[in-house]
Amino acid sequence: MVAEKELPPITVSLLKSIDSVVIKSTLLKNGKFDFNIFQPGIYLIRASGTGINTFHSQPVQVTTSQMVIALAPVELKPFSTTLAGITVTAEKQLFEQKADRLIVNVDASVTNTGTTALDVLEKSPGITVDKEGTISLKGRQGAQVFVDGRPIQMEGMDLINYLKNLPSSQMEQLEIMTNPPARYDASGNAGIINIKTKKNRISGMNGSVNLSYSQGRYPKTNEGAIFNYRQNKINLSSSVNHSFRKEFEVLNIQRRIINSTGTTENYFSQQADEISSNHNYNVKVGVDYFADKKTTIGVTAGAVRSNSNNHRINTTNIADASKALTHITIADVETDRNWKNFNSGLYFRRLLHSTGREITSDLDYASYHTGFGQLMINSFYDHNNNKIANPDTLLGSLPQQIRIYSGRLDYLHPLKKNGKFEAGIKSSTVRTDNDARYDSIQMGNRVRDLGRSNHFIYEEIIHAAYVNLSGSLSKKWQGQIGLRLEQTISKGQQKTTGSSFERDYLQLFPTAYLQYKATDQHNFGMNYGRRIRRPNYSSLNPFIRFIDRYTYNKGNPDLRPQLSHQVEMSHSYKNIITTTLNFSTSTDIIQQILEQKGQDAYMTLANLATLTQYGLSINANKALTKWWTSSLFINVFHNRFEGMINNEPILISGARFLLNGTQQFKITKSFSAELSGNFRSAGVQGVLRTEAVWMMNAGISKQVLKNNGTIRLAVRDMFYTRVQKAFARYANVDASFQERDDSRTLTIGFSYRFSKGKTEAQRKRTQGSAGEEQGRAGMD
């Protein structure tokens, strides 16, 4: 037996097999642990600690005739120390497949060094991000992004900008759930992607510092620190981070202008060259007070500030029907964006009984303020570059304010036969204020452009309640059913025009799960869920954001919620290979579309069509040798969109193939390497048909300073192949797009961990009540 002082502190937890909910936790003492189990059922044992690979046992059946179970010794590779049947390692698996979710351990990938949350998402299994910022999960658009259980209230490029400014060094895990249970908000048509930030569970003082430098065409830096102090009944936590990113982007658009008779009038060839720079500051603090063994009270607060500047030169070559160049328009666009976010929360947890009955509650407040200023100067030339008109100048100010108030109350009651009853209520109120003001310069004077300006106020109230029941049906069968009720009351008012709308609707969202353990090697599962995707708050505002003189983005106040049904069937073999079949139907698809009016083209969201999808995914993770671990994700799916655009029917369908692979190599105990990549075949993505795209990444990692420090070197998109290409052809739209950005980067990073304490058993902490609302604000 190895003495305990030679090992890091190890927390051993007892979990329910059906949903991995922690029932009890304890510290390993003298190489041993034990749990008193009063109810028969199927359980799991988990062992975890700082610097060790988390161990999960096979399901353990406890019956009335056999209430004492001894675990057989288990060896994990590569080993460092063995203790009472548990082997401690210094590695985390990159992917962990659970019954209801896929977990991505961010730090387990060397090539995540110096990257952002967006980079991590783009290389994760089944996740894709298109050129307009729409995040899809297994080919289905409308995935809801959460941070620590709280949704980010943004869509499109606002969400992309937020994820670009969240450094991967602050991330611990990604949780990918295609069909979440009833406890979660029903929002998220394709499922939920939950970003879990780093936290500590060690008593005394501990924390970490990290810094990285990346070089693409332009530099990028990141510096951050996490500090935690835990003593007796008080836990203090804090984090601070700063990042700087300078990037470029080149966007090319070719459009054919078609009149009402179907005749070609002009050809437009547009190129936008953009350079952007951004400073992002992020601070979080939290206090937990453990009043006694049954009661926890906590307060959290966080603030984010982001300052960015974008300079873009847009050149538009206009040709006649014979493709002879006639005019050239050059737009010089300067954009300044300042974004501030403050969020706070108060939470309470009370254990009502030793069997696990508990009540939790949350009160949350969040505010967002965006200052958006734009200066656009359009210059006009003939085909010989001679000026043919005076430049026109447009100045825009588009401030936005969002305030979110929410509260929730949840109850958990364990039942016999490994059962569990859950119930809860939630209420939230959101108020947004968007005042878009555009001015033009006429005869040297600044004049308000009333045709483009708009003041929009929106308020939304959501009341929700849910019940969930889970448990063992027999020795081999486990089940779970849930039902969530949500009432939405909303009101929008355009002060500029005096128009308004009101909506009030009630929706039910059932969920069901069934698992069958055929043998120790084969497990089968099936689940069903109904979900909703509500419009983003700013998407309902019909204000205009200009890209250049001829192209812009526009909101849509007539958007309706999108509803979907999804069924999945899965098979798992030895927890190594998981195969999943899925089928889903969605109505009132919220889809970004391109529309043309004369020579102008604009992107907007619309309830486009119905979507039918079926697909197959395979997720495989296995240690091939002591030094080589392979992870592979394959997804094949077929999408069929059918609907109307501008009163003309459209039918777009096609199949697509996604591949993600990561190969990790343990060269020595302190030196490792990684090779990863992803491939997306040509296929259908909404109303766009996209071309194939792929990229490769590589990295090495070295442990230093008695394994408390880590140096990483990584290269992303090493062959510079990530070029996004797509085209759209429907109704009077005929357009092609090509986009390239600063995707190839070389990064060197260093992190250092310090600790003066020991690991404490984890106390359950709530995830807040404003998740879905913050997810639609676009910021967190």
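Refer to the preceding data block for the structure.
Notes on the structure follow. Keep in mind that this is a model prediction, so the values were computed, not measured. (Residues numbered from 1 in each chain as written. Predicted model: local features only at pLDDT ≥ 70, side-chain atom pairs only at ≥ 80, totals over all residues. Heavy atoms only, no water.)

## Considerations on the overall build of the chain
Heads up, the condition is: Strands are runs of DSSP state E lasting at least two residues, helices are runs of H or I lasting at least four, and both sets are numbered from the N terminus onward. The cut-offs for exposure are 20% and 50% of the maximum accessible area for each residue type, with area from a 1.4 Å probe on protein chains only; residues under the lower value are buried, those over the upper are exposed, and the others partly exposed. In short, Shrake-Rupley with a 1.4 Å probe defines the accessible areas, and a residue's cover is counted only from the protein chains shown.
A count of helical and extended segments in the chain gives 3 helices and 48 strands. Each of the 780 residues in the chain was classed as buried or not, and the buried ones make up 55%. Accessible surface for the chain amounts to roughly 33,300 Å². Of this, 57% is attributable to carbon and sulfur atoms.

## Some points on the side chain of aspartate 382
Inclusion rule: A positive count includes Lys and Arg, and a negative count includes Asp and Glu. His and the chain ends are not counted in either. Salt bridge, as applied in this entry: a Lys or Arg side-chain nitrogen positioned within 4 Å of an Asp or Glu carboxyl oxygen. The contact definition used throughout considers only heavy atoms, calling two residues in contact when any of these lie within 4.5 Å.
Locating aspartate 382 in the fold gives a position in strand β23 (residues 358-382). It is lysine 387 that comes nearest to the buried, bridge-free aspartate 382 among opposite-charge side chains, at 12 Å. For aspartate 382, the contacting residues outside a window of four places in its chain are Thr326, His327, Ile328 and Ile388.

## Quick word on unusual backbone geometry
In most cases, non-glycine residues show a negative phi, while peptide bonds are predominantly trans. Phi is positive for asparagine 232, close to 55 degrees, though the residue is something other than glycine. Mapped onto the elements, asparagine 232 comes out in the loop between β18 (219-231) and β19 (234-258). By relative accessible area, which is 69% here, asparagine 232 ends up exposed. Phi angles above zero are rare outside glycine, and aspartate 588 is one such case at about 55 degrees.

## Examining the packing of aromatic side chains
Using the following cut-off: Two rings belonging to Phe, Tyr or Trp (six-membered ring only in the last case) form a pair when the distance between their centres is within 6.5 Å. Interplanar angles under 30 degrees mark stacking, angles over 60 mark edge-to-face geometry, and anything in between is tilted. Comment: the charge-over-ring label is applied if NZ (Lys) or CZ (Arg) is within 6 Å of the ring centre and within 35 degrees of the ring normal.
Under the criterion given, the structure shown has 14 aromatic pairs. Aromatic pair phenylalanine 546 and tyrosine 552: ring centres 5.6 Å apart, planes at 55 degrees, arrangement tilted. The exposure class assigned to phenylalanine 546 is buried, which follows from its relative accessible area of 7%. The exposure class assigned to tyrosine 552 is buried, which follows from its relative accessible area of 12%. Pairing tryptophan 627 with tryptophan 628 gives two aromatic rings, centres 6.0 Å apart and planes at 25 degrees, and the pair type is stacked. The class of tryptophan 628 is partly exposed, set by a relative accessible area of 28%. Through pairs of rings, three or more aromatic residues link up here, namely Tyr438, Phe546, Tyr552 and Tyr602. Just above the ring of tyrosine 602 sits the side chain of lysine 554; from NZ or CZ to the centre is 5.6 Å. Between the NZ or CZ atom of arginine 740 and the centre of the ring of tyrosine 720, over which it lies, the distance is 4.2 Å.

## A short note on empty space enclosed by the protein
Let me state the cut-off plainly: Of the grid points, spaced at 1 Å and generated over the protein atoms alone, those admitting a 1.4 Å probe that cannot get out make up cavities, while open sets with protein on both sides within 12 Å along at least five of seven lines make up pockets; any residue with an atom within 4 Å of a point is treated as lining. Grid points are joined across faces, edges and corners, and a volume is the space filled by probe spheres set on the points. Amino acids are sorted into nonpolar (Ala, Val, Leu, Ile, Met, Phe, Trp, Tyr, Cys and Pro), charged (Asp, Glu, Lys and Arg) and polar (every other residue, Gly among them).
Here the second largest cavity is characterised by a volume of approximately 140 Å³. Around the second largest cavity sit 16 residues that line it, and Glu122, Ile127, Thr128, Asn678 and Arg680 are the ones nearest its centre. Elements that contribute at least two residues to the lining of the second largest cavity include exactly β10 (127-129), β40 (648-666), β41 (671-680) and β44 (693-704). Its residues assigned to classes, the lining of the second largest cavity shows 7 nonpolar, 6 polar and 3 charged.

## Observations concerning a nonpolar patch on the surface
Our working rule: Only residues whose relative accessible area exceeds 30% and that take part in no salt bridge are eligible for patches, with like-charged residues grouped when within 9 Å of each other and nonpolar side chains (Val, Leu, Ile, Met, Phe, Trp, Tyr) grouped when within 5 Å.
A contiguous nonpolar patch, built from Met205, Phe227, Tyr229, Ile234, Leu236, Val287, Tyr289, Ile297, Val299, Leu346 and Leu363 and spanning about 880 Å² of accessible area, is present on the exposed surface. Among the elements of the structure, β18, β19, β20 (264-292) and β21 (295-319) are those that each provide at least two residues to the nonpolar patch. Looking at where phenylalanine 227 falls in the secondary structure, it is placed in strand β18. Residue class for phenylalanine 227 comes out partly exposed when judged on its relative accessible area of 34%.

## Observations regarding the sheet that holds β10
Inclusion rule: Any two strands with at least two DSSP-identified bridges between them are counted as paired.
With antiparallel pairing, the 3 strands of this open sheet are ordered in space as β10-β11-β12. Strands at the two margins of the open sheet, each flanked by one partner only, are β10 and β12 (140-141). Where strand β11 (residues 135-137) and β12 come together, 2 bridges link them in antiparallel fashion. Bridged to serine 136 within β12 is glutamine 141.

## Topic: the pattern of salt bridges
For the structure shown, the criterion picks out 27 salt bridges. Among the ionic pairs, aspartate 410 bridges to arginine 408, the shortest N-O distance being 2.9 Å. Its relative accessible area of 4% is what places aspartate 410 among the buried residues. A relative accessible area of 10% places arginine 408 in the buried class. A salt bridge links aspartate 741 to arginine 722, with the shortest nitrogen-to-oxygen separation between them at 2.8 Å. Taken as a pair, aspartate 741 in strand β47 (residues 733-741) and arginine 722 in the loop between β45 (709-716) and β46 (724-730) lie far apart in primary sequence, 19 residues in all. Residues aspartate 741 and arginine 722 agree in their burial class; the two are buried.

## A look at the sheet that holds strand β8 (residues 95-97)
Strands sit in the order β8-β9-β15-β16-β13-β14 across an open sheet of 6 strands; the sheet is mixed. Bordering the open sheet on either side are β8 and β14 (150-151), each of which pairs with just one other strand. The sheet contact formed by strand β9 (residues 102-105) and strand β15 (residues 171-177) spans 4 bridges and is antiparallel. Opposite isoleucine 103, over in β15, you have glutamate 175 as the bridge partner.

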